[in-house]
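# Descriptive analysis of the structure
Chain residues, written in single-letter form:
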Amino acid sequence: MSSRQDYIDFILDHYENPRNRGRLDPADATAKGGNPGCGDIVVISLNIDPETRVITEARFEGEGCTISQAAASAATEMIAGKTIDEILEMSGDDLVEILGRDLVSGRIRCATLGIHTVRAALRKYQAARRMDQIEADRVVDQGRELGLEFE
Ligand code: FES
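Right, let's walk through the structure included here. Model, not experiment: these values are computed from the prediction. (Residues numbered from 1 in each chain as written. Predicted model: local features only at pLDDT ≥ 70, side-chain atom pairs only at ≥ 80, totals over all residues. Heavy atoms only, no water.)

### Some remarks on the pairing of strand 2 (residues 40-48)
Burial analysis of strand 2 places 8 of its 9 residues in the buried class, which makes it a mostly covered element. Summarising the sheet, strand 1 (residues 29-35) and strand 2 pair through 7 bridges and their orientation is antiparallel. In the strand pairing of strand 2, Ala-29 is matched with Leu-46. Connecting strand 1 to the next strand, strand 2, in antiparallel fashion are 4 residues, including Gly-39 with a positive phi near 85°. Turn length for the strand 2-strand 3 (residues 55-63) hairpin, with the two strands adjacent in sequence and antiparallel, is 6 residues, and the turn residue Arg-53 shows positive phi of about 60°. (Buried < 20%, exposed > 50% of the residue type's maximum accessible area, 1.4 Å probe, protein only. Helix = DSSP H or I, 4+ residues; strand = E, 2+ residues; numbered from the N terminus. Pairing = 2+ DSSP bridges.)

Next up, the structure:
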């Protein structure tokens, strides 16, 4: 069981020594999330293995309070090596647990901005791939109507 001081140290360490800060360009998935209450932002960029659907690289950048930026850093570590489905099954609560519930309970939007932005990037990625699949199916259907064959 970690003490309150351990959680404070964890947050300060991520704030002062952010993990995975930066931007992937190009990236397979990106999203920008904001907390309208204060104007703080987090930008997430991800690379994803299309076969295994595992996150191979994750970066964040942004501006905001200590908790939002530390939490975004922690979020990029939390999702490394996980699949899209595993991450979409997580909730902001999983990150709150890591950061220390008592410490961040009054700052939930700060604490979960990063992980919610990750989830938004993955939803956009999935939607784009579904559109690609729909388009691919349409092209194949058109070809078949002409009597062509595809595997
Ligand atoms: Fe803006 Fe924390 S005060 S995200």
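Following the structure, the description resumes.
### Quick word on helix 6 (residues 108-145)
Structurally, the α-helix is built with 3.6 residues per turn, so residues lying three or four positions apart point the same way. An ideal rise of 1.5 Å per residue puts 56 Å on 38 residues; helix 6 measures up with 54 Å between its terminal C-alpha atoms. Along helix 6, the largest kink reaches about 40° and is centred on Gly-114. Residue Gly-147 follows helix 6 closely and has a positive phi angle near 90°. (Expected span 1.5 Å × (residues − 1). Bend = angle between axes of the 7 residues up to and from the residue.)

That is the geometry; function is a separate question.
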